[in-house]
Amino acid sequence: MIHEIRLQTKSRDEMLDITAQVEGILVQENVQDGLIVVYSPHTTAGITINENADPDVQKDILRRLEEIYPRDNANDRHIEGNSAAHLKASTVGASQSVIIHEGTLLLGRWQGIYFCEFDGPRMRSCFVKIISG
Amino acid sequence: MIHEIRLQTKSRDEMLDITAQVEGILVQENVQDGLIVVYSPHTTAGITINENADPDVQKDILRRLEEIYPRDNANDRHIEGNSAAHLKASTVGASQSVIIHEGTLLLGRWQGIYFCEFDGPRMRSCFVKIISG
Amino acid sequence: MIHEIRLQTKSRDEMLDITAQVEGILVQENVQDGLIVVYSPHTTAGITINENADPDVQKDILRRLEEIYPRDNANDRHIEGNSAAHLKASTVGASQSVIIHEGTLLLGRWQGIYFCEFDGPRMRSCFVKIISG
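Engineer: Sorry if this is basic, but what is going on with the overall build of chain A here?
Structural biologist: Per the secondary structure count, chain A includes three helices and eight strands. The C-alpha radius of gyration computed for chain A amounts to 16 Å, which stays within 12% of the reference 14 Å derived for 133 residues, consistent with globular compactness. Taken along the three principal axes of its C-alpha coordinates, chain A extends 50 × 30 × 25 Å. Positive and negative charge centroids in chain A, built from 13 and 19 side chains respectively, lie 5 Å apart.

Right, here's the structure in full:
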């Protein structure tokens, strides 16, 4: 069974903590052990796992990604002008896998699962799939 | 069961769309639900998921990766001179996982699966594994 | 069943080859086919797959990651001062998946699995989960 999380992003670059939604899906499915895959079907957005304590970490991540992949680059050919967003998406990755152990996500103490918007604001979604085992 | 996709790359840096080959393997295996993992056994090539519409996106991705990880770097020690390719491979990742839903790859509308060559041209291969569930 | 690999890192930035430990877990579990997921529960450390032959590759990877994500950046806001480590972790990724084929890891000839420390030295751990299928 596939679950979809729908999201409205509010900025061009944004990290949205979707850990609670992913946990809610796991509780609903009631799987004790396995793997959960969180997948972005977009090419200018990705998924990452990073710190959920100090929100400044997310700001620094987004600002530094913009420093190395600036929106404007005189050599870009892509007509939409958002090649930087495609690069950021491939850097963090289209999906993340988290181990399920005894019915819970085996996240580290400071880890959250983030939907990373790199070309917002937009309506977005991500898919969640559980493999038990 | 493991499937191997064999590839002949033609440039030093190149993104090869292997979506059709991966879909062909899925059809052959006839799995309805699960996960498909596309894996590069190379250390100077990787797998990414990104836009399959405008080929300029791929050109911009490869050119910008070269801008931040240039082939030549006076401080590199690796005698083969291809450390940049190793960095690019770890940045995009050695593999990607895609959800299988109702017998098809759950890719977004504009997503394709790419074998990323960073030290070609070479004969390459990648492995595809399906986990049903 | 979940396995934990405990590690003592010795430098601020370090790549520790954990391939033998992961293989040992696979032998112990005696699974013939499936997927093995190696997961870092930390936000300033990650997992990557890269060359295991010339140790200079690892040195070049760590040095070049530091060049693009330097420890000190005047615009960082995060009070711990380790935002660069968070960026490096999201770049290589929190986990890697390797295919299991005929009871062995389907790694390429030159591939090793590395725990990547970006804010050491510290006591660390990573989790290993096998999905058979």
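Engineer: Honestly, the state of the cysteines in this entry has me stumped. Any pointers?
Structural biologist: Each disulfide consists of one covalent bond between the sulfur atoms belonging to two cysteines. Residue and element names in this part refer to chain A. All told, the structure shown has zero disulfides over all chains when counted by the stated rule. Among the cysteines around Cys 116, which has no disulfide bond, Cys 126 carries the closest sulfur, lying 11 Å off. Note on Cys 116: relative accessible area 2%, which makes it buried.

Engineer: Whenever I open this one, the relation of the copies chain A and chain B confuses me. Can you help?
Structural biologist: The relation between the two copies of this chain is a rotation about an axis and a shift parallel to it. Overlaying chain A on chain B yields an RMSD of 0.0 Å, the required transformation being a rotation through 120 degrees with an accompanying axial translation of 0.0 Å. Such a combination of rotation and displacement between the chain copies is what one expects of a three-fold axis. For chain A, the minimum C-alpha distance to the rotation axis belongs to Thr 91 of chain A and amounts to 3.2 Å. Residue by residue, only 10% of the interface of chain A is reproduced at the interface of chain B, so the copies engage with different surfaces.

Engineer: Is there a simple way to explain the interface of chain A and chain B in this structure?
Structural biologist: By a frequent convention, interface size equals the accessible area lost on bringing the separate parts together. Contact with chain A, which involves 30 residues of that partner, is made by 33 residues of chain B. Overall, the association of chain A and chain B removes approximately 2600 Å² of surface from exposure, summing both partners, and the carbon and sulfur fraction of that is 55%. Counting the surface chain A buries against chain B, the share from its top three residues, Tyr 39, Arg 77 and Ser 90 of chain A, is 22%. The tally of links between chain A and chain B comes to three salt bridges. Salt-bridge contacts for Arg 77 of chain A lead to Asp 56 of chain B; the nearest nitrogen and oxygen are separated by 3.9 Å. Linking chain A to chain B there are 19 residue pairs in polar contact (both at pLDDT 80 or more). Of all the elements in the fold, those that place two or more residues in the side of chain A that touches chain B are strand S3 (34-39), helix H3 (83-92) and strand S8 (123-132) of chain A. Sorting elements by how many residues they give to the side of chain A that touches chain B places H3 of chain A first, with six residues. For the side of chain A that touches chain B, the class distribution of residues is 13 nonpolar, 11 polar and six charged.

Engineer: Even after reading the chapter, I still don't get the confidence of the model for chain A, so can you show me in this structure?
Structural biologist: Any residue range with low pLDDT should be treated as having predicted coordinates unsuitable for detailed reading. In the predicted model, chain A carries a mean pLDDT of 97, and the fraction of residues at 70 or more is 100%. Note on the complex model: pTM 0.98, ipTM 0.97.

Engineer: Is there a simple way to think about the packing of helix H2 (residues 55-68) of chain A against helix H3 (residues 83-92) of chain C in this case?
Structural biologist: To characterise two packed helices, one gives the angle between the axes of the helices and the distance between these axes. Between H2 of chain A and H3 of chain C, the shortest axis-to-axis distance is 9 Å and the interhelical angle comes to 70 degrees. Overall, the two elements H2 of chain A and H3 of chain C adopt an arrangement that is roughly perpendicular. Remark: the crossing between H2 of chain A and H3 of chain C carries right-handed chirality. Across the interface between the two elements, Val 57, Asp 60, Ile 61, Arg 64 and Leu 65 of chain A of H2 of chain A pack against Ser 83, Ala 84, His 86 and Leu 87 of chain C of H3 of chain C. Here the contact of H2 of chain A with H3 of chain C is built from residues that sort into five nonpolar, two polar and two charged.

Cut-offs used in this document
Residue positions are counted from 1 within each chain, in the order its sequence is given. Chains and ligands are labelled sequentially in the order written, the chains with letters from A and the ligands with numbers from 1. It should be noted that, the model being predicted, local features are given only for residues of pLDDT at least 70 and side-chain atom pairs only at 80 or more, the latter also being counted only at that level, while totals for whole chains, interfaces and linings use all residues. Based on all heavy atoms of the structure, the side-chain values leave hydrogens and waters out of the count. In DSSP terms, a helix is any run of H or I states spanning at least four residues, a strand is any run of E spanning at least two, and both are numbered starting from the N terminus. Our radius of gyration looks at C-alpha atoms and nothing else; its globule reference is 2.2 Å times the residue count to the power 0.38. Charge assignment in this entry is limited to Lys and Arg as positive and Asp and Glu as negative, and neither His nor the chain termini are counted. To locate a charge, take atom NZ for lysine, CZ for arginine, CG for aspartate or CD for glutamate. When the sulfur atoms of two cysteines come within 2.5 Å, that pair is taken as a disulfide. Only protein chains enter the accessibility calculation, which uses a 1.4 Å probe; a residue whose area is less than 20% of its type maximum is buried, one above 50% is exposed, and one in between is partly exposed. Only residues with pLDDT of at least 70 in both copies count here: their C-alpha atoms drive the least-squares fit that superposes the copies. Note on contacts: a residue pair is in contact if any heavy atoms of the two residues lie within 4.5 Å. Buried area is a sum: the accessible area each of two parts loses on coming together, probed at 1.4 Å, counted once for each and added. Each salt bridge in this description consists of a side-chain nitrogen of Lys or Arg and a carboxyl oxygen of Asp or Glu lying within 4 Å of one another. Here a polar contact is taken to be a pair of N or O atoms separated by no more than 3.5 Å, where protein atoms must pair a possible hydrogen donor with a possible acceptor and residues adjacent in sequence count only if both atoms sit in side chains. Residue type decides the class: Asp, Glu, Lys and Arg count as charged, Ala, Val, Leu, Ile, Met, Phe, Trp, Tyr, Cys and Pro as nonpolar, and the leftover types, Gly among them, as polar. The predictor attaches a confidence to each residue, and that confidence, scored 0 to 100, is pLDDT. Angles shown run from 0 to 180 degrees and are taken between the N-to-C directions of axes, each axis being a line fitted to C-alpha atoms and, for helices, limited to the stretch in contact. Reported orientations rely on four angle classes, namely roughly parallel under 35 degrees, roughly antiparallel over 145, roughly perpendicular from 65 to 115, and oblique for the rest. In this scheme, a crossing is called left-handed if the near helix is turned counterclockwise away from the far one by less than a right angle; it is called right-handed if the turn is clockwise.

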